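Structural characterization, general
The residues making up each chain are set out below.
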2 protein chains.
Amino acid sequence: MKSESIGNYLKAIYQIQERQNDQPVSTTRLAAQLGVASASVTGMLKRLSAGEPKLVDYEPYYGATLTEAGRKSALELIRHHRLIESYLNQALGYPWDAVHAEAERLEHVISEEMEERLAAALGHPATDPHGDPIPDREGHFEKRDDPCLADLADGQRAEIRRVVAQEPELLRYLAGLGLTPSVQFELVSSAPFNGPVTLRVLGAQPSERVIGREIAEKILVAPLHSTITEPSHE
Amino acid sequence: MKSESIGNYLKAIYQIQERQNDQPVSTTRLAAQLGVASASVTGMLKRLSAGEPKLVDYEPYYGATLTEAGRKSALELIRHHRLIESYLNQALGYPWDAVHAEAERLEHVISEEMEERLAAALGHPATDPHGDPIPDREGHFEKRDDPCLADLADGQRAEIRRVVAQEPELLRYLAGLGLTPSVQFELVSSAPFNGPVTLRVLGAQPSERVIGREIAEKILVAPLHSTITEPSHE
DNA sequence: TCCAAAAATTAGGTAAGCCTAAATATTAAG
DNA sequence: CTTAATATTTAGGCTTACCTAATTTTTGGA
Ligand SMILES: [Mn+2]
Ligand SMILES: [Mn+2]
Ligand SMILES: [Mn+2]
Ligand SMILES: [Mn+2]
């Protein structure tokens, strides 16, 4: 990786592209994500698209897209980030709301050897503590398209797969409610007009939870098939 | 810590001062240690002695000395470095010749929380894999003044306490000979005119080792008292 | 004591990454 | 189709941390 700053630009472009169907990323959007002035972004995009190797395709006034090389670099950093989060959580006992900040700095400085040792120590995990997928060494990972909690029908049961958030306060709030990956629940009701969502956590006492719609949209889930599905099928 | 670069200057000044009895560190010596031009060092020393807090006392043409604040910062980094080395070695299985390079980058970015968790996971160790002492959170550590292997008298037995080196090749060579901290041996002979040193590793087969004087001076030891010393004394 | 060699500083530059303010291009509304 | 708002780029600066070359200071012989 060229520099920590370049790495952060590539990661940001990747993540924004991911959220908007690979459309070009605007200067303003990037500036907001990175917390820098738009003028700074313009300058960096020029560098990234001029340098060798070319890391982004940049069309002035139009936007930026990662090249294959840029994508590779971004995924490399994301792999570092998520392996570090997992390791801090599982081996060093960090709570899931504290891992992001630490990983954000460590991801830029660990060696390939350390990456490999962390992965091995964890048994080559597929996801991090938030349920985010961990790309393999080649940058491959399963692209899931899980529905969010707010998409479920009343009465439907599901398992939490992923929580799309890093804000410590929010993560602590959710952990306090017992809403973390692999927890199973039943959706009781979704109030209309983007109202709150009520659910029952399976095996918790008390089990009822009411959360805002905005948060419910950050919780990705896998619906559970009814207890009696296809029998004798493996 | 102001910046990674400043941290490296402070560490370097500390380590040079340590090796020369707290005498002021010269521009050239620092430049050599850091691998930068002397002019760059002059510039940085000015900054370090001008800034708030003042990290070094700097007298042009004379040299630089750490202030108390500078010493604290240096020891903080050294604590990070040695805890990281220990952790990589003990928890992640790194060989002792590989830990230095990784720690050199990580030491600048870990949080105080991570420092504490690493220390706790290791049981608050007093030394790193090379036998270097690990300062506590306040920067205190036992100042040992161990003799080196070359200082021993013929026939004297001792235990290896510390190996003052980070070059991977040298460390691998020594590990290959079984010369690592806590190993016990008997000095057979020191050839005159700075000649090679011959020793017998206790409990090894074959046990004889012959090493150059220069290397013998980097191996610090604790002489073993004869098996029957003062009886009933605690 | 004087002078050359060595050490250190000053002078003048460069590159990365940021900033603000001004200029320009795009877009959206009337 | 024009114009005002918005997005983006350009211009000009700043700081950190380097560099090389020139100058100055210190120092160690002779
Ligand atoms: Mn990697
Ligand atoms: Mn995560
Ligand atoms: Mn610390
Ligand atoms: Mn060490």
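In what follows, the structure referred to is the one given above.
Quick look at the structure, then.

Conventions and cut-offs
- Residues numbered from 1 in each chain as written.
- Chains lettered and ligands numbered in written order.
- Predicted model: local features only at pLDDT ≥ 70, side-chain atom pairs only at ≥ 80, totals over all residues.
- Heavy atoms only, no water.
- Near = heavy atom within 4 Å.
- Polar contact = N/O pair within 3.5 Å; in protein donor to acceptor, adjacent residues only side chain to side chain.
- Helix = DSSP H or I, 4+ residues; strand = E, 2+ residues; numbered from the N terminus.
- Nonpolar A, V, L, I, M, F, W, Y, C, P; charged D, E, K, R; others polar.
- Donors = N, O, S within 2.8 Å, 3.2 Å for Na, K, Ca; no water.
- Buried < 20%, exposed > 50% of the residue type's maximum accessible area, 1.4 Å probe, protein only.

1. Quick notes on the protein's contact with DNA strand C
Near DNA strand C, the surroundings consist of 21 residues, among which S3 and R47 of chain A together with T28, K46 and Y58 of chain B are the closest. Looking at DNA strand C alone, sugar and phosphate atoms form 84% of those within 4 Å of the protein. For DNA strand C, a phosphate oxygen lies 2.5 Å from a polar atom in the side chain of S40 of chain A. Contact distances for DNA strand C include 3.0 Å between a phosphate oxygen and a side-chain N or O atom of T27 of chain B. Listing elements by their share of the surface near DNA strand C, those giving two or more residues are α1 (4-19) and α3 (38-50) of chain A together with α2 (27-34) and α3 (38-50) of chain B.

2. As for the protein's contact with DNA strand D
Surrounding DNA strand D, one finds 21 residues, the nearest of these being T28 and Y58 of chain A together with S3, S40 and R47 of chain B. Atoms of DNA strand D within 4 Å of the protein: sugar and phosphate make up 84%, bases the balance. S5 of chain B places a side-chain nitrogen or oxygen 2.9 Å from a phosphate oxygen of DNA strand D. At the level of elements, α2 (27-34) and α3 of chain A together with α1 (4-19) and α3 of chain B are the ones that each hand at least two residues to the surface near DNA strand D. Partitioning the surface near DNA strand D into residue classes produces 10 nonpolar, 9 polar and 2 charged.

3. Quick look at the coordination of the manganese ion (ligand 4)
Residue and element names in this part refer to chain B. Coordination of the manganese ion (ligand 4) by the protein comes from E85 (OE), D128 (OD), H130 (ND1) and D132 (OD), over a distance range of 2.2 to 2.6 Å. All donor residues of the manganese ion (ligand 4) come from one chain, and their arrangement in sequence is E-x42-D-x1-H-x1-D. Residue class for D132 comes out buried when judged on its relative accessible area of 13%.

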